[in-house]
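# Residue-level structure breakdown
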Amino acid sequence: MSKSTSDSAVRNISANEPFSAILEKSLSRRTLARGSLGAALAAMTGAALSACGGGDGDSPAAQPGTGGGGGTGGGTPEAPKLALGFQSLPTSMTDACVVPAGYVAQVLGAWGTPFDDIAQPWSRDGNNTSNDLLHSTGMHHDGMHYFPLQGSSTEGLLAVNHEYIDETALHPAGPTQVNGKRPAEEVRKEINAHGVSILHIRLQSGRWSIVKNSRYNRRFTAATPMALAGPVGGTASVRTPFSPNGRQTRGTNNNCGNGFTPWGTYITAEENWAACFVNTGTQTRDQKRVGIQAAKGRYLWETAAGDTSEQIGEFARFNITATGADATQDWRNEANGFGYLVEIDPYDPSSIATKRTAMGRFAHEGSAYAPPVAGKPLSFYSGDDSRFEYLYKFVSTAVWDPKDADRTDRLAVGAKYLDQGTLYVARFDASGKGEWLALAEGTKNAAGRTLKEEFGSIDQILLNTRGAADFVGATPMDRPEWTAAHPTSGEVYVTLTNNTSRNASRGTNPANPRLNNVNGHIVRWRDQADSNVFQWEIFVFGSDAGADADTNRSGLTALNQLASPDGLSFDGRGILWVQTDNGIDGGRNNAVAKSTNDQMLAVIPPSMPATPGSGPVINNGNQGDLRRFFVGPNEAEITGFAFTPDYKTIFLNVQHPVNWPAYDSEDATAAPSGKVRPRSSTVVIQRKDGGAIGV
């Protein structure tokens, strides 16, 4: 998630015990058992990181870069040991990308790249129209996934999120206003730059390119009609003048992290969508909790209302102030159609994207599923990316049938597994265990009051997901972002990017000395079978290499120092890839940002022990196993991740660079000779010898 659109306000005012306090108790408990903090740090889990094996990639559940899939563990022969085959990169602070020796990096599908003959070529002057953007890649690439065509590693569909916009770069001279109103054409252009691109791509002669005019190429924008499914769809809370029956909404925006499913669909996550809406009247408690604006929307889209070209309130809908007699007379319910995980079938160009409301409504960062097991429910994990927010798990009512992986009515399969189930929120306990708390009508809080008594039926609980999590006593976290599940063990990881609002009143303490957690960390856990209980431990603490030992608890060095872990994914072999969003666009305000641009690192994690250890898995004894694979250009976030099935191509995204990529070049490692209009882009990385990436 870019800092440019982050919700800096602390909207969780509950008194739930913060994760920092739980972490203090946990570390203190384990430290006392072993003697001292120094002894605990020296006796951490996983003295040497070894491979955990991986799937063979043959089944849909074991596709690369999934965060899920593969077998179930028991009885499977041990896979060959993995080992990283590249040396950790040095730091870099240039207007160019850096890759290991023996690798090449290509720019693909930069913002504004036409995918058919309708759009005009991208203009260096920012003069492309809103219609051009309907037929081109969107802006600020984020989460993504590669969907092979007939299993191919040389031809497939690349689904790419577009999180937000840079108005200065998008328009010739930045955004304008006339008498306090935004021009309709500018607003449409901004709306069309959001959303998701589905791009048909092909590898020929070592170079990837978009297949122009392919029937698969399409855009989903912040105005594309979409279905509302699950418990919220069709209720009175989502009825609008556009959809009086509440079965549709218009658009998806702030598409940050992503996921995909065992049956071959794409999941795009609506993250900081709320700030695009304004309610100048009396706000409901869920509107306050999610961050609906009280004076003006982030981009002032609502000010274009009344333009003679406006159709069915396309701009007015961003002002959700109640003005009419009921919900069909104004746009009071429009924001209730946002804040969900959205399922897209990339293989069917005629399909309608569907918002899966049963999976909760908040600032979704992504979605990762645990390895499917025949006859068992599916589990999907998602973080809520804001300070002191929560970690969630959705468990399907339907049990997994492996035959569903081969069905071609993929959105019908999605309805089977994603429209009915139970949403849980995590509570982390100091014992090293935790519990998933059901956000169901009958769940009680500490005072014995049920969620139904507090909020009403399940559709209202889901609309108020954050408030419901507050109510049941979930653990506030330091901005939980991407989740990833090991492809065979099912152990799940979450990046806790940072929390600069952490202070003593919110639960920090000397034993866990991140009073201002600018560096973040990663936590992992293992769910217990047929139980809501899980075990957890710290995987790595972010830090600069020069920090004192009490801050740099993972002992990071100049070759792997990191801050603000964000993007996170396993490939199907069991390599964990970590991407960072260190706020370099905010002025290099911490020690890591002053040393290097944002990056992507790789590590092969060991399995969790039966009893988690006393400190982070990454420690002074295994630094060589966490390696820097990629460094991006100045001021850019590194985000999004996808592999081809043969692991010979990796796709990642470079978001909001300040002066990159170079004009008239597809070489991602080339620095511009002068000033360029910056373009978020996908970077394609391959080995010169044609081998598998990373090993």
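None of these values were measured; they are calculated from a predicted model.

### Regarding the sheet that holds strand S30 (residues 681–687)
Taken in spatial order, the four strands make up an open sheet running S1-S30-S29-S28, and their pairing is antiparallel. Here the strands that pair on one side only, and so sit at the sheet edges, are strand S1 (103–108) and strand S28 (637–643). The mean inter-strand angle of the sheet, taken between neighbouring strand axes irrespective of direction, is 25°. Pairing of strand S29 (residues 649–655) with S30 involves six bridges; the strand directions are antiparallel. Across the sheet, residue Asn653 finds its bridge partner in S30, namely Thr682.

### Re the side chain of Asp385
Structurally, Asp385 is set in the loop between strand S14 (377–383) and strand S15 (387–389). Polar contacts involving the side chain of Asp385 include one to the side chain of Arg479, which spans 2.8 Å.

### A word on the packing of aromatic side chains
Throughout the structure, instances matching the rule amount to 36 aromatic pairs. Here Trp436 and Phe534 contribute two aromatic rings whose centre-to-centre distance is 5.2 Å and whose plane-to-plane angle is 45°, an arrangement assigned as tilted. Of this pair, Trp436 sits in strand S18 (residues 433–438) while Phe534 sits in strand S23 (residues 533–541); the two residues are 98 residues apart in sequence, bridging distant segments of the chain. For Trp436, a relative accessible area of 1% corresponds to the buried category. Considering the side-chain rings of Phe643 and Tyr647, the 5.7 Å spacing of their centres and the 75° angle between planes classify their relative orientation as edge-to-face. A relative accessible area of 1% means that Phe643 is categorised as buried. Connected via pairs of aromatic rings, a cluster forms that spans Phe86, Tyr103, Trp577, Phe629, Phe641, Phe643 and Tyr647. Geometry around Tyr216 places Arg215 over its ring, the cationic atom sitting 4.5 Å from the centre. Lying over the aromatic face of Phe643, Arg573 brings its terminal NZ or CZ to 5.3 Å of the ring centre.

### Re the environment of Ile650
Within the element layout of this structure, Ile650 appears in strand S29. Taking the C-alpha atoms as reference points, Ile650 and Gln686, separated by 36 residues in sequence, lie 6.8 Å from one another. Ignoring any residue separated from it by four or fewer positions in sequence, one finds Ile650 in contact with Met600, Phe641, Ala642, Phe643, Val683, Val684, Ile685 and Ile693.

### Looking at the environment of His200
Take His200: it is sitting in strand S4 (residues 195–204). Residue classification places His200 among the buried residues on the basis of a relative accessible area of 6%. Taking the C-alpha atoms as reference points, His200 and Leu157, separated by 43 residues in sequence, lie 4.6 Å from one another. Once you skip the residues sitting within four places of it in the chain, His200 turns out to touch Leu149, Glu155, Gly156, Leu157, Ser209, Ile210, Val211, Ser214, Tyr216 and Asn217. A distance of 2.7 Å separates polar atoms of two side chains, one belonging to His200 and the other to Ser214.

### Examining unusual backbone geometry
As a rule of thumb, non-glycine residues mostly have phi less than zero, and peptide bonds are mostly trans rather than cis. The peptide bond linking Trp660 to Pro661 adopts the cis configuration, its omega dihedral lying at 0°. Along the polypeptide, Pro661 turns up in the loop between S29 and S30. Here the phi dihedral of Asn213 falls at roughly 65°; this positive angle occurs in a residue that is not glycine. Residue position: Asn213 is located in the loop between strand S5 (207–210) and strand S6 (218–220). Accessibility expressed as a relative area gives 44% for Asn213, which makes it partly exposed. Although it is not a glycine, Asn254 sits at a positive phi angle of roughly 50°. Note on placement: Asn254 falls in the loop between strand S8 (248–250) and strand S9 (255–260). Exposure remark for Asn254: the relative accessible area of 0% places this residue in the buried category.

### Remarks on the sheet that holds strand S20 (residues 480–485)
Strand order in the open sheet formed by nine strands is S13-S14-S16-S17-S18-S23-S22-S21-S20, and the pairing between neighbours is antiparallel. Each of the sheet's edge strands pairs with one partner strand only, and the pair in question is strand S13 (368–369) and S20. Two elements, S18 and S23, share three bridges in a ladder whose sense is antiparallel. Along S23, the bridge assignment pairs Gly434 with Phe534. Helix H7 (residues 410–418) rests against S14 and strand S16 (391–399) of the sheet, and its axis sits at about 110° to S16.

### Some words on the pattern of salt bridges
Applying the stated rule across the entire model yields 36 salt bridges. Across the salt bridge formed by Glu270 and Lys355, the nearest N and O atoms sit 2.7 Å from each other. Here the residue Glu270 occupies a position in strand S10 (residues 266–270), and Lys355 occupies one in strand S12 (residues 354–356), the gap between them amounting to 85 residues. According to the relative accessible area criterion, Glu270 is buried, its value standing at 0%. What makes Lys355 buried here is its relative accessible area of 0%. Two residues, Arg524 and Glu537, come together in a salt bridge whose shortest N-O distance is 2.8 Å. Pair noted here: Arg524 is in strand S22 (residues 521–527) and Glu537 is in strand S23, with a separation of 13 residues, a long-range link. Within this structure, Arg289, Asp384, Glu389, Arg466 and Asp470 form a network of salt bridges that share partners.

### A closer look at helix H5 (residues 184–193)
With nine of its 10 residues buried, H5 lies for the most part within the structure. What H5 keeps buried is the set Ala184, Glu186, Val187, Arg188, Lys189, Glu190, Ile191, Asn192 and Ala193. Residues of H5 that are buried in the fold lie against helix H3 (130–134), strand S3 (155–162), helix H4 (167–170), S4 and S6.

### Observations concerning the confidence of the model for the protein chain
Note: predicted coordinates in regions of low pLDDT should not be interpreted at a detailed level. Put simply, the protein chain has an average pLDDT of 89, and 86% of its residues get 70 or more. Here residues 27–76 scores under 50 on pLDDT; set against residues more than four positions off or in separate chains, the count is 135 contacts. Note on residues 508–513: pLDDT is under 50 here. Beyond four places in sequence and across chains, it has 18 contacts.

Rules of the game
- Residues numbered from 1 in each chain as written.
- Predicted model: local features only at pLDDT ≥ 70, side-chain atom pairs only at ≥ 80, totals over all residues.
- Heavy atoms only, no water.
- Pairing = 2+ DSSP bridges.
- Helix = DSSP H or I, 4+ residues; strand = E, 2+ residues; numbered from the N terminus.
- Axes fitted to C-alpha atoms, helices over the stretch in contact; angles between N-to-C directions.
- Polar contact = N/O pair within 3.5 Å; in protein donor to acceptor, adjacent residues only side chain to side chain.
- Phe/Tyr/Trp six-rings, centres within 6.5 Å; stacked < 30°, edge-to-face > 60°.
- Buried < 20%, exposed > 50% of the residue type's maximum accessible area, 1.4 Å probe, protein only.
- Lys NZ or Arg CZ within 6 Å of the ring centre and 35° of its normal.
- Contact = heavy atoms within 4.5 Å.
- Salt bridge = Lys/Arg side-chain N within 4 Å of Asp/Glu carboxyl O.
- pLDDT = per-residue confidence, 0-100.

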